[in-house]
Amino acid sequence: MATGWAGDGAVQDQIDATVKDAIERARSRLGHGPGRATCEECDAPIPEARRNAVPGVRLCVACQSALDEEEAGHAGYNRRGSKDSQLR
C-alpha cells in the first residue's frame, strides 16, 4: 500500500507507541510499599481491606475519587484523533 513518506509499518508503530505510553503512565501511578493508615488529604482512616488491595495507598476512597475526576479532565494528546477533534 502506498503511504507517501511514511514507512510500511508506521501506523502500527504509532499504535504501539500509544499503548506503550499508556502502560508506562499506568505503572508510574501504582503505589509501592506499605499503605498509610490514614488519608493524606483528610486524615480519615483507610480500611485494612483497601490497604491490602492497593499497595502504597495514600488516599481514602472519597479523596481518590475526587483526584481521579480532576485528572480525567487533563487527558493526554490523542494521536489517533482526527485533526478536527484536536482543534476543539
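Since this is a predicted model, take the numbers as computed values, not measurements. (Residues numbered from 1 in each chain as written. Predicted model: local features only at pLDDT ≥ 70, side-chain atom pairs only at ≥ 80, totals over all residues. Heavy atoms only, no water.)

Novice: For the overall build of the protein chain, give the residues involved together with the corresponding values.
Specialist: The helix and strand inventory of the protein chain stands at 4 helices and 0 strands. Along the protein chain, helices and strands appear, N-terminal first, in the series α-α-α-α. Classification of the 88 residues of the protein chain by burial places 10% in the buried group. The long-range share in the protein chain, meaning contacts at least 24 apart out of those at least 6 apart in sequence, stands at 19%. Accessible area of the protein chain: about 7400 Å², with a carbon and sulfur share of 53%. (Helix = DSSP H or I, 4+ residues; strand = E, 2+ residues; numbered from the N terminus. Buried < 20%, exposed > 50% of the residue type's maximum accessible area, 1.4 Å probe, protein only. Contact = heavy atoms within 4.5 Å. Areas by Shrake-Rupley, 256 points an atom, 1.4 Å probe, with all protein chains shown as cover.)

Novice: Give me the lowdown on the layout of surface pockets, citing residues and values where you can.
Specialist: Roughly 410 Å³ of volume is contained in the largest pocket. Around the largest pocket, the lining is made up of 16 residues, and of these R29, L30, G31, R58 and Q64 lie nearest the centre. Of all the secondary structure elements, the ones that give two or more residues to the lining of the largest pocket are α1 (10-29) and α3 (61-72). Considering each element in turn, the lining of the largest pocket owes the most residues, 4 residues, to α3. A class-by-class count of the residues in the lining of the largest pocket yields 7 nonpolar, 4 polar and 5 charged. (1 Å grid on protein atoms, 1.4 Å probe; cavity = no way out; pocket = protein on both sides within 12 Å on 5 of 7 lines; lining within 4 Å. Points joined across faces, edges and corners; volume = space filled by probe spheres on them. Nonpolar A, V, L, I, M, F, W, Y, C, P; charged D, E, K, R; others polar.)

Novice: Break down the UniProt feature "zinc finger region: dksA C4-type" (unreviewed entry) in the protein chain for me, citing the residues and quoting the values.
Specialist: The UniProt entry lists residues 39-63 under the feature "zinc finger region: dksA C4-type" (unreviewed entry), expressed in the numbering used here. Overall, residues 39-63 shows 36% helix and 0% strand. The separation of its end C-alpha atoms is 8 Å. (UniProt positions renumbered as here; feature names shortened; annotations may be inferred.)

Novice: Any details on unusual backbone geometry? Residues and values, ideally.
Specialist: At D43, a position not held by glycine, the phi torsion is positive, near 60°. Turning to its location among the elements, D43 is positioned in the loop between α1 and α2 (48-53). D43 gets classed as exposed once you look at its relative accessible area, which sits at 56%.

Novice: Provide a residue-level description of the state of the cysteines, including the pertinent values.
Specialist: Tallied over the entire structure, the rule returns 0 disulfides. Take C63: it sits in no disulfide, and the sulfur closest to it among the cysteines is that of C60, at 3.6 Å. (Disulfide = S-S within 2.5 Å.)

Novice: Could you give an account of a nonpolar patch on the surface, naming the residues involved and the relevant values?
Specialist: A cluster of nonpolar side chains, contributed by V11, I15, V19 and I23, occupies part of the molecular surface with about 330 Å² of accessible area. Given a relative accessible area of 63%, V11 falls into the exposed group. (Patch = residues over 30% accessible without salt bridge, like charges linked within 9 Å, V, L, I, M, F, W, Y side chains within 5 Å. Salt bridge = Lys/Arg side-chain N within 4 Å of Asp/Glu carboxyl O.)

Novice: Residue-level account of the environment of G35, with values.
Specialist: Mapped onto the elements of the fold, G35 is located in the loop between α1 and α2. On the basis of relative accessible area, G35 is assigned to the partly exposed category, the value being 28%. Sequence separation between G35 and A53 is 18 residues, and the spatial gap between their C-alpha atoms is 9.7 Å. Each residue touching G35, except ones within four places of it in the same chain, is listed here: R51, G56 and V57.

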